[in-house]
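Structural features, examined
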Amino acid sequence: MPQPSLFNRLSIFAGLTFLYLPIVVLVVYSFNASRLVTVWGGFSAQWYTAAISNQSMVEGAKVSFLVAAISATFATALGSLAAIVAVRIRRFRGHHIFNGMLVAPMVMPEVVMGVSMLLMFVTLGIDRGPVTITLAHATFTMCFAAVVMQSRLAELDPSLEEAARDLGCPPFLAFIKVAVPNMAPAFVSAWLLSFTLSLDDLVLSSFTTGPGASTLPMKVYSQIKFGVTPEVNAISTIILGVVVFGLVTSRIVSRPSAKSNLAV
Amino acid sequence: MMQSKPNLGRHALVLVPYGWLAVFFLMPFLLVLAISLSSVRLGMPPYEPLYAWQGSLLSIRLNLENFVFVLGENTYLLAYLTSLKVAAISTVLMLAIAYPLAYGIASCSPGSRSFLIFLVIVPFWSSMLIRVYAWMSILRNDGLLNSLLLHLGVISEPLRIMNTETAIYIGIVYTYLPFMVLPIYANLSASDRTLIEAARDLGCSRMAAFWRVTFPLSLRGVAAGCALVFIPVIGEFVVPDLLGGADTQMIGRTIWIEFFNNRDWPVASAVTVLLLVILVIPIVLFQTRLSRTSTA
Amino acid sequence: MQSYVSIESLSKSFGLFTAVDDISIGIGKGEFFSLLGPSGCGKSTLLRMIAGFETPTSGVVRLDGEEVTDVPAHRRATNMMFQSYALFPHLSVGKNIAFGLQQDRLARSEIRQRVSEVAEKLQLTALLDRKPQQLSGGQRQRVALARALVKRPKVLLLDEPLGALDKNLRAETQHELVRLQRELGLTFIIVTHDQHEAMTVSSRIAIMRQGKVLQIGSPAEVYETPVSRYVAKFLGEANVFEGGTARRSGNELKIESAEAGGSVLATATDHISTSGRYWVSVRPERVELNKQGSGLEGVVEQFSYAGSGRHYRVRLKSGATLDALRVNLGAQDDLSVGDTVFASWMPQAARLLAD
């Protein structure tokens, strides 16, 4: 294995600095005692106190977590089915359209999806609120879940299931007893990916929500529109902390390969 | 490997995800198309129904006025063009940053590779809104960047970056970068190292080996990365809304304003339909390329 | 012999490609039968049809007298050892071995007993709690074998079972397989591309090429009496020369061969006519090289020392090459590159081939 050259090291250093510096700045200034964002007024945790006692934000967080957890569960289930269909059945009537619909939401601008879902809910006369947000998120994140499951399913040795059949399992049972347990880490990554994507989403939620139901990103967004405040920094830091904690835990638990995190 | 599954179970298996996507993904687009042919009215929903029963007579009214209006307005045309321009330029910028980064990571030992790629993935998983917000405090006129430069004496007047196109580029490149890095990295790390050694053995310099072997082989990853970035950036809303100025109107924001501020749903739908028309070609290209990779 | 596994006019096509082309084989109970051939000859497809993973395009598979052609894999009394071993990574060694018995809903106590029995036989007792990833290649191979054997299949199918092992371990495992097969009295069908392996382990070998069986016989039969030039060259090495006019004296034939540049000896057979095109084949170890005397004249062009023997390549006057192998009996080597030699062999050493 050749050593990375100086140029390679510099590229990595520059790239990662670019990715992390703004986040570091954001985190550091969340501990700023001064109300002015650019002036360092000493260390203080007061904005955290303000953030967690901000009732509106806490409400938003509750909605967000609930929506993310439920939609991620739906997305993982649907995405897994879709992956099985795409990898195992492959050819059936309309498989081109199916594969298209499975890929398109990953690149489709969120505004477009938001508009179309809003119009559908309105046309069908469905009251908009947490339920419609959940449905929209499940649809949009199931495609990401499907990609994760697809890559895991494709790299699974087909002779494993053959071995199970050879030892007496009918095909469906062989799939359940052998393929499913071996996809467990992929289920975890698919769920976590769907969960964070849902937790993050602003645009789709804004279009599909109704009066009264606001997710955390929607609340943060309206705060940001008024300007930069240390309290928003504190809220952001908490969100980042949750995501990083989840990521590190899932990496330790399942050691997902880089490919299955976002396999394209 | 084809499995002999009972036919009924197979149909059911296909039907669940297929049905879900048809109802929640495909049908909404058809509705957008329908409503773009309607006209605005006061009330909820704020558009006229397309059809009406007059006795036993079904009358359908298709209104092409929205499209005529959108295509005739310079603001909309400009927004489409700006979006395409911003997407194209930021794709190129990202490629310039992402390729060396992905290449550098792929050249590390397998252990540090997976750690480094994890570091790239973390920001991708964390909230985009927050990452855009992080730049707001840096780029503002009284922000960190200007304070630092003023303090160092590099500039005497604060630079105006916030609410300009430059800020949009910074924000987009920053938030979408992992989407470009990951496919390129996946491609490079899967490539056979002995190919480069063979090229070196056959007399290529390090540079020549890169340009003649490594780079052509990584084009698949580059294409995937560009598609993953270019297509959604065209409709990007958050970055231009928070970092951009009034003079750089991108189409995602136009749709948002049309919907929430002007409440003109038919016109917003027409704008969306035209955006979809623009996106259809790259999306189809992306999808066929992707399915080719997965069958290969 | 009563056929225990009977394959009757079996064919399998994938689209336009015919992988298995009208093959019929009968395999007796307790045989160690090899399907031998180069990659792509259809041997794995044939094995997978016996296992039930592929449905034949036409033909019949019988197992112990019963037709099983359309019986799915999980209801067949065959078990397979996969080339990749296909050990379940989420299960321990013990659970891998017990997998098939649990599927058959045997009593817990019986499962435990049979697993420990087979584990002991294959020296896996100490490894039962490990995961497959923690095992060496040889250990995995034994687990795969144990998992298939524990179900007491009527036929054990082995798909290139030793392909992933290194050479020394492989030789040892071959003997181990033969010992097990004798001890258990089971029928084994093995797919391999390694002719040496096939010769070592099998009671009979079927040599396959392009979806067809060329010859079936015991290792000695196929080696000593190959039916064609292809078989002769595929199994070991052979010097093959086209034969011309032949003179018969008693049981001996003296054949003029332009290709060899002289006359060569063989025994007369009823099967091969010397009037059409035919060939004479002789194994290198049957060739005698002398510095003087009679036979085909040539010059030693290459020499290689192979431990158990010395290998010479002789350029004959006709321009053809001839390989000869002298078994290493400890004698001093008296030939070196450049020497003129005369090659000859006993008439019984040569075979006549019509194809």
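Residues numbered from 1 in each chain as written. Chains lettered and ligands numbered in written order. Predicted model: local features only at pLDDT ≥ 70, side-chain atom pairs only at ≥ 80, totals over all residues. Heavy atoms only, no water.

Quick look at the overall build of chain B
Looking only at helices and strands, one finds 12 helices and two strands in chain B. Each of the three principal axes of chain B carries a C-alpha extent, and together these read 85 × 75 × 30 Å. The buried share of chain B, taken over its 296 residues, is 53%. Sequence separation of 24 or more characterises 68% of the internal contacts of chain B that already satisfy a separation of 6 or more. Accessible surface, chain B as shown: approximately 13,800 Å² in total, 67% of it carbon and sulfur. (Helix = DSSP H or I, 4+ residues; strand = E, 2+ residues; numbered from the N terminus. Buried < 20%, exposed > 50% of the residue type's maximum accessible area, 1.4 Å probe, protein only. Contact = heavy atoms within 4.5 Å. Areas by Shrake-Rupley, 256 points an atom, 1.4 Å probe, with all protein chains shown as cover.)

Points about the overall build of chain A
The secondary structure content of chain A amounts to 13 helices and zero strands. Reading the helices (α) and strands (β) of chain A from amino to carboxyl end gives α-α-α-α-α-α-α-α-α-α-α-α-α. Taking the principal axes of the C-alpha coordinates as reference, chain A spans close to 70 × 60 × 30 Å. In chain A, buried positions account for 61% of the 264 residues. Looking at chain A alone, contacts between residues at least 24 apart form 69% of all its contacts between residues at least 6 apart. Total accessible area computed for chain A in this model is approximately 10,100 Å², and 71% of it derives from carbon and sulfur atoms. Of the charged side chains in chain A, 16 are positive and 11 negative, and the gap between their average positions amounts to 4 Å. (Lys, Arg positive; Asp, Glu negative; His and termini not counted. Charge placed at Lys NZ, Arg CZ, Asp CG, Glu CD.)

Digging into the sheet that holds strand E13 (residues 252-257) of chain C
All names here are of chain C. Ordered in space as E12-E13-E14, the three strands form an open sheet in which the pairing is antiparallel. Looking along the sheet, the strands with just one partner apiece sit at the ends: strand E12 (246-249) and strand E14 (262-267). Mean inter-strand twist for the sheet, computed between neighbouring axes without regard to direction, equals 25°. Summarising the sheet, E13 and E14 pair through six bridges and their orientation is antiparallel. Looking at the pairing, Leu253 lines up with Ala266 of E14. (Pairing = 2+ DSSP bridges. Axes fitted to C-alpha atoms, helices over the stretch in contact; angles between N-to-C directions.)

Some thoughts on the pattern of salt bridges
What the rule picks out here adds up to 28 salt bridges over all chains. As a salt-bridge pair, Arg152 of chain A and Glu155 of chain A come within 3.4 Å of each other at their nearest N and O atoms. With relative accessibility at 43%, the residue Glu155 of chain A sits in the partly exposed group. Linked by salt bridges that have partners in common, Lys121, Glu176, Arg179 and Glu183 of chain C make up one network. (Salt bridge = Lys/Arg side-chain N within 4 Å of Asp/Glu carboxyl O.)

Section: the interface of chain A and chain B
In this assembly, 99 residues from chain A lie in contact with 100 residues from chain B. For the pair chain A and chain B, the summed buried area comes to about 9,200 Å², and 80% of that belongs to carbon and sulfur atoms. Applying the counting criterion to the chain A and chain B interface returns one salt bridge. The residue Lys225 of chain A makes a salt bridge to Asp241 of chain B at a minimum N-O spacing of 3.1 Å. For the interface between chain A and chain B, the tally reads nine residue pairs in polar contact (both at pLDDT 80 or more). A class-by-class count of the residues in the side of chain A that touches chain B yields 70 nonpolar, 18 polar and 11 charged. (Buried area = accessible area lost by both parts, 1.4 Å probe. Polar contact = N/O pair within 3.5 Å; in protein donor to acceptor, adjacent residues only side chain to side chain. Nonpolar A, V, L, I, M, F, W, Y, C, P; charged D, E, K, R; others polar.)

A few points about the nonpolar core
Of all hydrophobic cores here, the largest spans 213 residues; its most connected members are Met108 of chain A together with Leu35, Leu46 and Ile189 of chain C. Ranked by the residues each element gives to this core, the list is headed by helix H7 (residues 165-190) of chain B, at 15 residues. Leave out the neighbours within four places in its chain, and Leu35 of chain C touches Ile25, Lys43, Leu46, Leu47, Ile189, Ile190, Val191, Thr192, Ala206 and Met208 of chain C. (Core = buried A, V, L, I, M, F, W, Y, C linked by side-chain atoms within 4.5 Å.)

Examining the packing of aromatic side chains
Scanning all chains against the criterion turns up 37 aromatic pairs over all chains. Relative to Phe237 of chain B, the ring of Tyr221 of chain A lies with its centre 6.1 Å away and its plane at 50°, an arrangement referred to as tilted. In this pair, Tyr221 of chain A is assigned in helix H11 (residues 216-226) and Phe237 of chain B in the loop between helix H9 (206-234) and helix H10 (238-243), connecting two distinct chains. Both residues of the pair, Tyr221 of chain A and Phe237 of chain B, belong to the buried class. Note on Tyr176 of chain B and Phe179 of chain B: the rings are 6.0 Å apart at their centroids and 40° apart in plane angle, and the pair reads as tilted. Of this pair, Tyr176 of chain B and Phe179 of chain B are both found in helix H7, three residues apart, which corresponds to roughly one turn of the helix. Since its relative accessible area comes to 7%, Tyr176 of chain B is described here as buried. Residue classification places Phe179 of chain B among the buried residues on the basis of a relative accessible area of 16%. Following the ring pairs from residue to residue traces out a cluster consisting of Phe207 and Tyr221 of chain A together with Phe237, Trp256, Phe259, Phe260 and Trp265 of chain B. Seen from the ring of Tyr223 of chain C, Arg283 of chain C lies directly overhead, with NZ or CZ sitting 3.8 Å from the centre. (Phe/Tyr/Trp six-rings, centres within 6.5 Å; stacked < 30°, edge-to-face > 60°. Lys NZ or Arg CZ within 6 Å of the ring centre and 35° of its normal.)

Observations regarding the environment of Phe234 of chain C
Positionally, Phe234 of chain C belongs in helix H8 (residues 229-234). Linking Phe234 of chain C and Arg315 of chain C, residues 81 residues apart in sequence, is a C-alpha distance of 22 Å.

Focus on helix H6 (residues 130-154) of chain A
All names here are of chain A. Spanning 25 residues, H6 covers 35 Å between terminal C-alpha atoms, matching the ideal 36 Å at 1.5 Å per step. If you look at H6, its biggest bend is around 30°, right at Thr141. In terms of burial, H6 is largely enclosed, as 19 of its 25 residues are buried. (Expected span 1.5 Å × (residues − 1). Bend = angle between axes of the 7 residues up to and from the residue.)

Regarding the sheet that holds strand E18 (residues 309-316) of chain C
Residue and element names in this part refer to chain C. Sheet architecture is open: five strands sit in the order E16-E20-E17-E18-E19, paired in antiparallel fashion. Edge positions in the sheet fall to strand E16 (288-290) and strand E19 (321-327), since each of these pairs with one other strand and no more. The sheet shows a mean angle of 45° between the axes of neighbouring strands, taken without regard to direction. Sheet topology note: the E18/E19 ladder contains seven bridges and is antiparallel. Along E19, the bridge assignment pairs Val314 with Leu322.

Structural notes on the environment of Leu71 of chain B
All names here are of chain B. Considering the arrangement of structural elements, one finds Leu71 in helix H2 (residues 65-72). Separated by 84 residues in the primary sequence, Leu71 and Ile155 have C-alpha atoms spaced 44 Å apart. When near neighbours in sequence (up to four residues on either side) are disregarded, Leu71 contacts Leu77 and Leu274.

Brief notes about the pairing of strand E6 (residues 78-81) of chain C
All names here are of chain C. Side chains Thr78 and Met80 of E6 all project onto a buried face; the interleaved residues Asn79 and Met81 project onto the opposite face, where all are buried too. Pairing between E6 and strand E7 (residues 155-159): four bridges, direction parallel. The residue of E7 that forms the bridge with Thr78 is Val155.

Here's the deal with the confidence of the model for chain A
Low pLDDT marks stretches whose predicted atomic positions should not be read closely. For chain A, mean pLDDT is 86; residues scoring 70 or higher make up 94% of the total. For the stretch residues 256-264 of chain A, pLDDT sits under 50, and the model shows 26 contacts to residues farther than four places along the chain or on other chains. (pLDDT = per-residue confidence, 0-100.)

Examining unusual backbone geometry
With a phi angle near 55°, Arg263 of chain B is a residue other than glycine that sits in the positive phi range. Mapped onto the fold, Arg263 of chain B is located in the loop between helix H11 (251-260) and helix H12 (265-295). Here the phi dihedral of Asp22 of chain C falls at roughly 55°; this positive angle occurs in a residue that is not glycine. Secondary-structure assignment places Asp22 of chain C in strand E2 (residues 17-28). For Asp22 of chain C, a relative accessible area of 47% gives the class partly exposed.

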